[in-house]
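Okay, here's what each chain looks like letter by letter:
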Amino acid sequence: MSTERADRPVVARAGVVDLTVVVPAYNEERRLGPTLDAVTAYLNNNSGDGGDGGNRWGDWEVVVVDDGSTDRTREIAERAAAAAQEGPGRTPRIRLVRSPRNRGKGHALRQGVLASRGRRVLVTDADLAAPIEELEALDKALGEGHAAAIGSRARPGATIARRQHRLRELLGRTGNFLIRATTVPGIRDTQCGFKLFDGDRARAAFAAAHLDGWGIDVEILMYFRRAGWPVAEVPVRWSHQAGSKVRPFDYLRVLADLVKLRARAVPKGHLLVAALFLVLSVALYSGRWAAPAHRYLPDSLQDQNQWEWFFAVTADSVRHLHNPLFTTFQGFPDGVNLMANTAMLGLSVPLAPVTWLFGPAVALNVAMTGGLAATAFAWYRLILKRLVRTRWAAATGALLAAFAPPMISHAHAHPNFVVLFMIPLIIERALRLCEGKRVVHDGVVLGLFATYQIFLGEEPLLLAVIGMVLFALAYALARRDVAKAAWRPLLRGLGVAAAVALPLIAFPLYWQFLGPQSYKSVLHGDNAGNSPLALLSFAERSLAGSRERAAALALNPTEQNAFYGWPLVALAFAIVVRLWRGAAVKALAFTAVAAAFLSLGPKFRIPLTDIVLPGPWALLAHQPLFESVIESRVAMVCAPALGMLLALALDRLAAVRVPYRLLGLAAVAAALVPIVPAPLRAVDRADVPAFVADGTWKRYVGPGESLVPVPLPDPGNAEALHWQTEAGLGFRLPGGYFNGPYGPDHVGIYGASPRWTSNLLRDIRYSGRAPEITDAWRAQARRDFAYWHAGVLVLAPQANDGVLRATVDQLVGRAGTWTGGVWIWDLSNVQRGS
């Protein structure tokens, strides 16, 4: 008999055998004995085909690894080893490897395999859920040229004599799905504890393994896949055995192991690129990261207040298990259809714990900073995989795709146009469909990706589809042979994707378009297109930019949707001319030009003239979905197209002689330096009035009542949303900043449906003039206060607050009270007419 300590790495001894059976054991006193008896009896009695009494398995051994058991497992293994002894001086048939403490199945398997001497190595669980007789099927697969043959309960032909508990089975299937999706695609059952390996390859793989837990099965299969060693998945007979050591929490440990494996599998070069993107993203938002709760991006206008409110109300819905698609915290009493707004449930829901612990300002910072870096990395992976071979070329192209001037403009205020990491993943999956290799699988994944993107932002997905259609049309014309082979699997895969996505998004979309406070469309006027000059000019936050020049060519600082600068446009033209023969170059060039042209809107004026021409967007302007798009945003499609063209050019430069390479790099620098973004401006945030901050409002707002700011919050001034989030959403607000319906036709507008009193107070805020307050005005105010269920009116210091206070005094019929830094009018005792 032989026993070995496993507190140090164990290596195989000299003297090769044909087969080693490795059995990890932890507190297996009840099951280990029968298992060893069955294994040794089978290996001893399995005669060769010739009937000469020879054993078809040749010389064999069993290695039992006692993983720090506290029962009689070691004693049973030693007794079995003594019984299997072949004679004095002979190598023992059963060997025991001991670990001084329990370290997990992965550690036990690693020690057992490294102690093995077999040309083939079988690993089997101590419960022998897959009978030892199934070794024959695995050995056959190994003899057909595979490096490993793994038992499977999920392949056709597998037999399940006794099933696990339904919950355990569900957890196992879910885990296997995640494993296939993230680590070893194509293998349906990685966790069946019955696997046969080529011995030398098994020892190499287990020697390189790091995991000590249940995830080692996945780690070993990943090693075989990276090494190019073929693995066969063989259906086996299997029966659940009582006393399993796998607990429900272990499934979470396997998922944690998957994360570790994916992290370790990422090349260091990728990590450096990801770190670069993250550093640049943090630098961009450095002004707000200095004190997230007390800093504001003034160029976001009122959008930072709105987005923090979205994150806060979603976190509140998650905490209290309320409907995340609707709320009455704004727009009271009618409420807000959150699915019809850009609440970004795909981020605000998973970031709810961050919102609970650190507040919505930090959660929004995390979303925008991390999302921008993740978007850049996603473009980098797509470009590197599909277009170029050099990392630095792909990284530079991704920087342009993610940090282009339009992206920086939206980085002030619109995370739905910054957090776009799903778009490259969707493009990559569509390209896989065109290859036609795994159409159903890729279609399912595409459907899931599209579903998630819908909960991140529908308009960016629509713009991405426009870009993909433009690229596909151009590429099909350039490579008709590729298009002919690709269109059938692509259409089939898109059908699968639709079949997966529609059931998942049917109810949310129903709620968005037909639910409470839904609307038909949001109209933006006829001047939302880009000027042709905007495509050649510089954005405000670019190094070469001018605030006045950019403001003259854009709706506002958050909608500078072009502004690539004439040097970059000239460089892109030169790249296209030089690389014109490439089909991808032709398609990218067409995509960029067509998107830029569409972004001009339904009509546009030729610069420096009075000539107005119809634009191609006129064909789409009144179509469903397209009618709500700000058409200048279509120019954002140019960013990844230009980034990919730049990556192709840099990849080509890597292969030319040094003088030409330096000349090319100088041209690239001349085009990119002028559009390098400066960090976003941040200022100290306006303080929340003490009346709200210290909770004084609670004495004035009863159940079912609202706090009414004077004037009501609207897209022009939504600071009251910040009051509300600082108060933990303790009160409800009429008015607000959101998209909602107006009138009998439910046309979309920004903010709540106006009422006489809200319009009156808003006009006074901006003009400083008040009309004569008559009995009719007072009667209408009482009706509006009753409609809003007003508990208290609150006027904070602001422009024209003197006129506002005098007007409210007349509407209410008494003077306000100065309390907690604001003027208030307690309406709890006011008669509210109908």
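Residues numbered from 1 in each chain as written. Predicted model: local features only at pLDDT ≥ 70, side-chain atom pairs only at ≥ 80, totals over all residues. Heavy atoms only, no water.

### Brief notes about the overall build of the protein chain
Then comes step 1: Helix and strand content of the protein chain: 31 helices and 22 strands.
Then comes step 2: Residues classed as buried in the protein chain amount to 53% of the 834 residues present.
Then comes step 3: A fraction of 77% describes how many contacts in the protein chain between residues 6 or more apart in sequence connect residues 24 or more apart.
Then comes step 4: By element, 59% of the accessible surface of the protein chain is carried by carbon and sulfur atoms, the whole surface being about 37,000 Å². (Helix = DSSP H or I, 4+ residues; strand = E, 2+ residues; numbered from the N terminus. Buried < 20%, exposed > 50% of the residue type's maximum accessible area, 1.4 Å probe, protein only. Contact = heavy atoms within 4.5 Å. Areas by Shrake-Rupley, 256 points an atom, 1.4 Å probe, with all protein chains shown as cover.)

### Here we look at the nonpolar core
Then comes step 1: One finds Leu568, Phe691 and Leu707 to be the most contacted residues of the largest nonpolar core, which totals 147 residues.
Then comes step 2: Per element, the largest residue contribution to this core is 13 residues, and it comes from helix H14 (residues 360-386).
Then comes step 3: Counting 38 residues, the second largest nonpolar core, distinct from the first, contains Val62, Leu96, Cys192 and Leu196. (Core = buried A, V, L, I, M, F, W, Y, C linked by side-chain atoms within 4.5 Å.)

### A look at the pairing of strand E19 (residues 747-750)
Consecutive side chains of a regular strand alternate in pointing toward one face of the sheet and then the other.
Then comes step 1: Bridge count for strand E18 (residues 739-742) against E19 is four bridges, and the pairing is antiparallel. By the bridge assignment, Gly740 is partnered in E19 with Ile749.
Then comes step 2: The hairpin formed by E18 and E19 contains four residues between the paired strands, and Gly743 there has a positive phi angle of roughly 75°. (Pairing = 2+ DSSP bridges.)

### Observations concerning the packing of helix H17 (residues 422-435) against helix H19 (residues 458-478)
A pair of packed helices is characterised by two quantities: the angle between their axes and the separation of those axes.
Then comes step 1: At a minimum axis distance of 11 Å, the contact between H17 and H19 shows a crossing angle of 40°. One finds that H17 runs oblique with respect to H19. Classified by chirality, the crossing of H19 by H17 is right-handed. For the pair formed by H17 and H19, the contact residues are Ile423, Ile426 and Ile427 on the first element and Pro460, Leu461, Ala464 and Met468 on the second.
Then comes step 2: The class makeup of the residues in the contact of H17 with H19 is seven nonpolar, no polar and no charged. (Axes fitted to C-alpha atoms, helices over the stretch in contact; angles between N-to-C directions. Parallel < 35°, antiparallel > 145°, perpendicular 65-115°, else oblique. Left-handed = near helix turned anticlockwise from the far one by under 90°. Nonpolar A, V, L, I, M, F, W, Y, C, P; charged D, E, K, R; others polar.)

### Brief notes about unusual backbone geometry
Then comes step 1: In this structure, the amide linkage connecting Phe332 to the following residue, Pro333, adopts the cis form with an omega of 5°.
Then comes step 2: Inspection of the secondary structure assignment puts Pro333 in the loop between strand E12 (326-327) and strand E13 (336-337).
Then comes step 3: Cis geometry marks the peptide bond from Val710 to Pro711; its omega dihedral reads -10°.
Then comes step 4: Of note, Pro711 is situated in the loop between strand E17 (706-709) and helix H28 (719-726).

### Some details on the packing of aromatic side chains
Then comes step 1: This model, assessed by the stated rule, comprises 21 aromatic pairs.
Then comes step 2: For the pair Phe421 and Tyr452, a centre-to-centre distance of 6.5 Å together with 45° between the ring planes defines the contact as tilted. With Phe421 in the loop between helix H16 (405-411) and H17 and Tyr452 in helix H18 (residues 439-454), the pair connects residues that are 31 residues apart, well separated along the chain.
Then comes step 3: Residue Tyr452 is classed as partly exposed on the basis of its relative accessible area of 28%. (Phe/Tyr/Trp six-rings, centres within 6.5 Å; stacked < 30°, edge-to-face > 60°.)

### What to know about the side chain of Asn416
Then comes step 1: In this fold, Asn416 is placed in the loop between H16 and H17.
Then comes step 2: Excluding its chain neighbours within four sequence positions, the residues that come into contact with Asn416 are Trp307, Thr342, Met344, Leu456 and Pro460.

### Focus on the sheet that holds strand E20 (residues 790-795)
Then comes step 1: Pairing within the open sheet is mixed, and its four strands lie in the order E17-E20-E22-E21. One side of each edge strand has no neighbouring strand; the edge strands of this open sheet are E17 and strand E21 (817-819). Between one strand axis and the next, the sheet turns through 35° on average, direction left out of account.
Then comes step 2: Pairing of E17 with E20, which is carried by four bridges, proceeds in the parallel orientation. Among the inter-strand pairings, Pro709 is bridged to a residue of E20, identified as Val794.

### Regarding the environment of Arg681
Then comes step 1: Counting through the fold element by element, Arg681 comes out in the loop between helix H26 (658-672) and strand E16 (683-684).
Then comes step 2: Sequence-wise, Arg681 and Arg288 are 393 residues apart; in three dimensions their C-alpha atoms are separated by 8.4 Å.
Then comes step 3: A distance of 2.9 Å separates a polar atom in the side chain of Arg681 from a polar atom in the side chain of Asp299. (Polar contact = N/O pair within 3.5 Å; in protein donor to acceptor, adjacent residues only side chain to side chain.)

### So, the environment of Asp299
Then comes step 1: Summarising the element assignment, Asp299 is placed in the loop between strand E11 (295-296) and helix H11 (303-320).
Then comes step 2: Counting along the chain gives 381 residues from Asp299 to Leu680, while the straight-line C-alpha distance between them is 8.4 Å.
Then comes step 3: Aside from chain neighbours lying at most four places away, what touches Asp299 is His412, Glu540, Arg547, Pro557, Thr558 and Arg681.
Then comes step 4: At 3.5 Å, the side chain of Asp299 and the side chain of Arg547 are in polar contact.

### Re the environment of Leu555
Then comes step 1: Tracing the backbone through its elements, the reader meets Leu555 in the loop between helix H22 (547-553) and helix H23 (566-578).
Then comes step 2: Using a relative accessible area of 42% as the deciding quantity, one classes Leu555 as partly exposed.
Then comes step 3: Distance in space between the C-alpha atoms of Leu555 and Asn530 is 9.3 Å, their sequence separation being 25 residues.
Then comes step 4: When residues no more than four places from it in sequence are discounted, the contact partners of Leu555 are Asn527, Ala528 and Ile630.

### Examining the packing of H19 against helix H20 (residues 480-514)
Then comes step 1: Put simply, H19 and H20 touch, their axes get as near as 13 Å, and they point 170° apart. As summarised for this structure, H19 and H20 are arranged roughly antiparallel, according to the angle between their axes. Residues Glu458, Tyr475, Ala476, Leu477 and Ala478 of H19 form the contact with H20, whose own contacting residues are Arg480, Val482, Ala483, Leu509 and Gln512.
Then comes step 2: Class assignment of the residues belonging to the contact of H19 with H20 gives a composition of seven nonpolar, one polar and two charged.

### Looking at the pairing of strand E2 (residues 17-25)
Then comes step 1: Among the nine residues in E2, eight count as buried, and that is most of the element.
Then comes step 2: Bridge count between E2 and strand E5 (residues 118-124): five bridges; the pairing is parallel. The residue of E5 that forms the bridge with Thr20 is Val121.

### Description of the pattern of salt bridges
Close approach of charged atoms allows side chains of opposite charge to pair.
Then comes step 1: What the rule picks out here adds up to 36 salt bridges.
Then comes step 2: Taking the shortest distance from any N to any O, the salt bridge between Asp189 and Arg153 comes out at 2.7 Å. Of the two residues, Asp189 sits in the loop between helix H5 (166-182) and strand E8 (194-198) while Arg153 sits in the loop between strand E6 (148-152) and strand E7 (159-162), which places them 36 residues apart along the sequence.
Then comes step 3: Judged by relative accessible area, Arg153 falls into the partly exposed class, the value being 23%.
Then comes step 4: Close ionic contact of Asp299 with Arg547 constitutes a salt bridge, the shortest N to O distance being 3.5 Å. Here Asp299, found in the loop between E11 and H11, pairs with Arg547, found in helix H22; they are 248 residues apart in sequence, far enough to count as distant.
Then comes step 5: Relative accessible area serves as the criterion here: at 2%, Asp299 is assigned to the buried category.
Then comes step 6: Accessibility expressed as a relative area gives 39% for Arg547, which makes it partly exposed.
Then comes step 7: One salt-bridge network, held together by shared partners, links Lys385, Arg386, Glu428, Arg432 and Glu435. (Salt bridge = Lys/Arg side-chain N within 4 Å of Asp/Glu carboxyl O.)

### A word on H11
Then comes step 1: Taking 1.5 Å of rise per residue, 18 residues should cover 26 Å, and H11 covers 26 Å from first to last C-alpha, within 8% of that figure.
Then comes step 2: Burial of H11 is extensive: 15 of the 18 residues sit out of reach of the surface.
Then comes step 3: Looking one or two residues beyond H11, the residue adopting positive phi is Leu321, at roughly 55°. (Expected span 1.5 Å × (residues − 1).)

### Section: a nonpolar patch on the surface
Then comes step 1: Judged by side-chain polarity, Phe507, Tyr510, Phe513, Leu514 and Leu625 come together as a nonpolar surface patch covering roughly 550 Å² of accessible area.
Then comes step 2: Mapping Leu625 onto the fold places it in the loop between strand E15 (612-614) and helix H25 (638-653).
Then comes step 3: According to the relative accessible area criterion, Leu625 is exposed, its value standing at 52%. (Patch = residues over 30% accessible without salt bridge, like charges linked within 9 Å, V, L, I, M, F, W, Y side chains within 5 Å.)

### Quick word on the confidence of the model for the protein chain
Then comes step 1: Scored by pLDDT, the protein chain comes out at a mean of 90, with 90% of its residues at no less than 70.
Then comes step 2: Here residues 49-53 scores under 50 on pLDDT; set against residues more than four positions off or in separate chains, the count is one contact. (pLDDT = per-residue confidence, 0-100.)

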